Amino acid sequence: MTAPTHTIPRYLSAFHPKQLAHHFVDVLIIGGGLAGLRAAIEIDAGLSTLVVTKDKLPQSSSAYAQGGIAGVMDPTDRFEDHVADTLRAGGGLCDEQIVKMVVHEAPQRIDELIRWGADFDKVAGELSLGREGGHSHDRIVHSVDATGREIMKAVIHWTDRLPNVRIWEDAFTVDILSADGTCLGALVAQQANVCSLVWAKQTILCTGGAGQVYRETSNPDVATGDGLALAYRAGAEIRDMEFMQFHPTMLYVAGSNRTLITEAIRGEGAHLVDCHGHRFMGDYDERMELAPRDVVSQAIVAQMDKTRHPSVYLDLSQLAAEHVHVRFPGITATCAEFGLDVAADLIPVRPGAHYFIGGVTVDAQGRTTVPGLWAAGEVTSSGLHGANRLASNSLLEGMVFGAHAGRGASQAALDMPDRFEGAAILSPVVADGGDQLNLGDIRNTLKSLMWRFVGVRRERDSLVSALGTIEGWCQYVLSRQFREPAGWELQNMLTVAKLMIEAALARQETRGVHQRADFPNTDDPHWRRHLAFVRPADDSC
Ligand SMILES: Cc1cc2nc3c(=O)[nH]c(=O)nc-3n(C[C@H](O)[C@H](O)[C@H](O)COP(=O)(O)OP(=O)(O)OC[C@H]3O[C@@H](n4cnc5c(N)ncnc54)[C@H](O)[C@@H]3O)c2cc1C
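What you are looking at is a predicted structure, and each value in this text was computed from that prediction instead of being measured.

The rules we used
Residues numbered from 1 in each chain as written. Predicted model: local features only at pLDDT ≥ 70, side-chain atom pairs only at ≥ 80, totals over all residues. Heavy atoms only, no water. Axes fitted to C-alpha atoms, helices over the stretch in contact; angles between N-to-C directions. Helix = DSSP H or I, 4+ residues; strand = E, 2+ residues; numbered from the N terminus. Parallel < 35°, antiparallel > 145°, perpendicular 65-115°, else oblique. Left-handed = near helix turned anticlockwise from the far one by under 90°. Contact = heavy atoms within 4.5 Å. Near = heavy atom within 4 Å. Polar contact = N/O pair within 3.5 Å; in protein donor to acceptor, adjacent residues only side chain to side chain. Areas by Shrake-Rupley, 256 points an atom, 1.4 Å probe, with all protein chains shown as cover. Nonpolar A, V, L, I, M, F, W, Y, C, P; charged D, E, K, R; others polar. Core = buried A, V, L, I, M, F, W, Y, C linked by side-chain atoms within 4.5 Å. Buried < 20%, exposed > 50% of the residue type's maximum accessible area, 1.4 Å probe, protein only. Pairing = 2+ DSSP bridges.

K.L.:
Kindly report on the packing of helix H12 (residues 439-453) against helix H14 (residues 485-506), identifying the contributing residues and their values.
P.N.:
At a minimum axis distance of 10 Å, the contact between H12 and H14 shows a crossing angle of 25°. Taken together, the axis directions place H12 and H14 in an arrangement best described as roughly parallel. Crossing of H12 over H14 shows left-handed handedness. Across the interface between the two elements, Leu-439, Ile-442, Arg-443, Leu-446, Lys-447 and Met-450 from H12 touch Ala-486, Gly-487, Glu-489, Leu-490, Met-493, Leu-494, Ala-497, Met-500 and Ile-501 from H14.

The structure is reproduced here in structure tokens:
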């Protein structure tokens, strides 16, 4: 599918190679979450490797992950069952070979995390395995309710030991550099937003998701979809942009950062009640609170509409208070900050954008469609998740594809001759960002618009209206050249939002997390396929 995106420039910023500093590395990794660092660990020790991250290293979705990482670790569990669960969740769009590859590699990847120092919960010396929605067996390896923090502590520590890996924090990647369709590195802005040209033999994109495009989201501030937009501008194929997974239970308290409340809490027996105290899930699905995420999210949205109330509530009062506090220390502490006892009070929750399923198309090795550019983690569409991600499969995907992309990029860099020259690429000055635009205002309005019109339930008229509004903003925001991350992020968010809506409009069916109120059925004959976008080659300005 070629989108009519004529307002999207090739480069966001003006630059001239004679005016900027140049850096030369063998492998450039954009993003310092789990996928990026796992890739860095895989690079040959003789190759110079640079990891750039736009914030501090611990600021990534990886560090926020709560529930755990999935893998067949119990002798009574079977690879076939993990494969079958993943395919069932994926609504007919998974790539079965990729699913098998990832599932079979999971124990090896979890073992290496343990070797690097991750301290997962155990019972009687054995890994304590949890279960989450959609899994037919206990197979979630976890560290209380802060698994991501534990994993990232171990992976950051392991990466620190590697003399060939340098990390630049607070380094914003503005664009991929390319010539003749091949990736040559990236334009990176560091302190005071001064840009430099980083030339790399091979580049790996690991920039994570795009939850910040929505007002309600579990994602950290860094998740603005930059990698999707810059890969698109560089000519990479991106696909499945209509599939955003919403998490049903985000804490909804004024002033809170929309903290995610893990579904493990419903697994332990928490009820969902509306503002009248009615336990409503039975009205929607016989699996009650343990129905899949998308079903629970839809039921909550429908019940909020029915009761005209801005949230529903988690009720844990029937569980033993001490057990709740010990099992969920993070959530207990967060709720306490707002005067709520998670074990006794009703906890206000509503759905929020959680995991972006679509992304840059990659093969089993993490190769994108642009030579020299690899990708791993949430920024990709690897074929693992199909139309709906199975819980705890995404940390696993970051580990597996981080390792594969790292290995592939490393070998490709080893096969190339050493050169210390850039290419004659420049991006002319066409327009100044100016100071008339209130970037924060557009960003907040975009997030509200996406939440209202491109949220859990979609239908044609509101999608068309949202697209028209965003195209209007694109006209005067994408045509400017900003000199700071706030501007670049807004341009990336608009690009991603526009592609998401175009895909959501095009897919005239309901599949996985994509729910069309006007097309409530799944339509395999027409739509059991991916929707891919490639930026038109001549679309430059
Ligand atoms: C609250 C929460 C709970 C979750 N719980 C689970 C769970 O229990 N199990 C599970 O499997 N998954 C879970 N997930 C999903 C999972 O954490 C993510 O999908 C996964 O960690 C993504 O890893 P990543 O390395 O691809 O991206 P991230 O970890 O998000 O890392 C992205 C990196 O890219 C950098 N970056 C982004 N843009 C730029 C730019 N322009 N320039 C430079 N750097 C840039 C960021 O600074 C960051 O370092 C959860 C997610 C959230 C938000």
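K.L.:
How would you explain the site of the ligand if you had to name every residue and give the values?
P.N.:
Residues in close proximity to the ligand total 37 residues, the closest being Ser-62, Gly-67, Gly-68, Glu-378 and Ser-394. With respect to the ligand, the backbone of Leu-34 contributes an N or O atom lying 3.2 Å from an oxygen atom. In isolation the ligand exposes 1000 Å². Once the protein is present, 98% of that is buried. Residue assignment for the shell around the ligand shows that the elements contributing at least two residues are helix H1 (34-42), helix H2 (61-64), strand E9 (172-179), strand E16 (347-356) and helix H11 (393-414). Across the shell around the ligand, the residue classes tally to 12 nonpolar, 21 polar and four charged.

K.L.:
Outline the nonpolar core, listing residues and values.
P.N.:
Core analysis: the largest hydrophobic core is formed by 131 residues, its most contacted members being Ile-204, Tyr-214, Met-450 and Ile-470. It is H14 that contributes the most residues to this core, 12 residues altogether. Residues contacting Met-450, with those up to four places away along its chain left out, are Val-213, Tyr-214, Gly-455, Ile-470, Ala-497, Met-500 and Ile-501. Counting residues in each nonpolar core, the second largest holds 26 residues, with Met-304, Leu-314, Cys-335 and Ile-347 among its members.

K.L.:
Which residues make up the pairing of E9, and what values go with them?
P.N.:
With seven of its eight residues buried, E9 lies for the most part within the structure. Where E9 meets strand E10 (residues 182-189), seven bridges bridge the pair, whose relative direction is antiparallel. Within E10, the residue paired with Phe-172 across the bridge is Ala-189. Between E9 and E10, which pair antiparallel in sequence order, lie two residues; one of them, Asp-180, sits at a positive phi of approximately 50°.

K.L.:
Residues and numbers for the pairing of strand E11 (residues 195-205), please.
P.N.:
Here E11 lies mainly inside the structure; 11 of its 11 residues are buried. Relative to E11, strand E1 (residues 21-30) is paired through nine bridges, and the arrangement is parallel. Considered in E11, the bridge of His-22 is made with Leu-197. Summarising the sheet, E10 and E11 pair through five bridges and their orientation is antiparallel. Bridge assignment links Val-188 to a residue of E11, and that residue is Ser-196. Following E10, the chain reverses through five residues before pairing antiparallel with E11; Ala-192 in that reversal takes a positive phi of roughly 55°. By the bridge criterion, three bridges tie E11 to strand E18 (residues 373-375) in an arrangement that is parallel. Across the sheet, Thr-203 pairs through a bridge with Leu-373, a residue of E18.

K.L.:
Can you explain the sheet that holds strand E15 (residues 312-315)? Please cite residues and give values.
P.N.:
Ordered by their spatial adjacency, four strands build an open sheet running E13-E16-E15-E14, and the pairing between neighbours is antiparallel. With one partner strand each, in any of the chains shown, strand E13 (244-251) and strand E14 (271-273) form the two edges of the open sheet. Within this sheet the neighbouring strands show an average axis-to-axis angle of 45°, counted without direction. Against the sheet, helix H8 (residues 293-307) contacts E13, E14, E15 and E16, and its axis sits at roughly 60° relative to E13.

K.L.:
Mind laying out the environment of Leu-57, listing which residues take part and the relevant values?
P.N.:
Here Leu-57 lies in the loop between strand E2 (49-52) and H2. Taking the C-alpha atoms as reference, Leu-57 lies 8.8 Å from Asp-170; in sequence the two are 113 residues apart. Residues contacting Leu-57, with those up to four places away along its chain left out, are Gly-32, Ile-156, Ile-167 and Glu-169.

K.L.:
How would you summarise the packing of H12 against helix H13 (residues 460-477) if you had to cite specific residues and measurements?
P.N.:
The contact between H12 and H13 brings their axes to 10 Å, and the two run at 165°. For the element pair H12 / H13, the angle class is roughly antiparallel. You can see that H12 and H13 cross each other, and the crossing is left-handed. Every residue of H13 that contacts H12 at Ile-442, Thr-445, Leu-446, Leu-449, Met-450 and Phe-453 is listed here: Ser-462, Leu-463, Ser-465, Ala-466, Thr-469, Ile-470, Trp-473, Tyr-476 and Val-477. In the contact of H12 with H13, the residues fall into 11 nonpolar, four polar and no charged.

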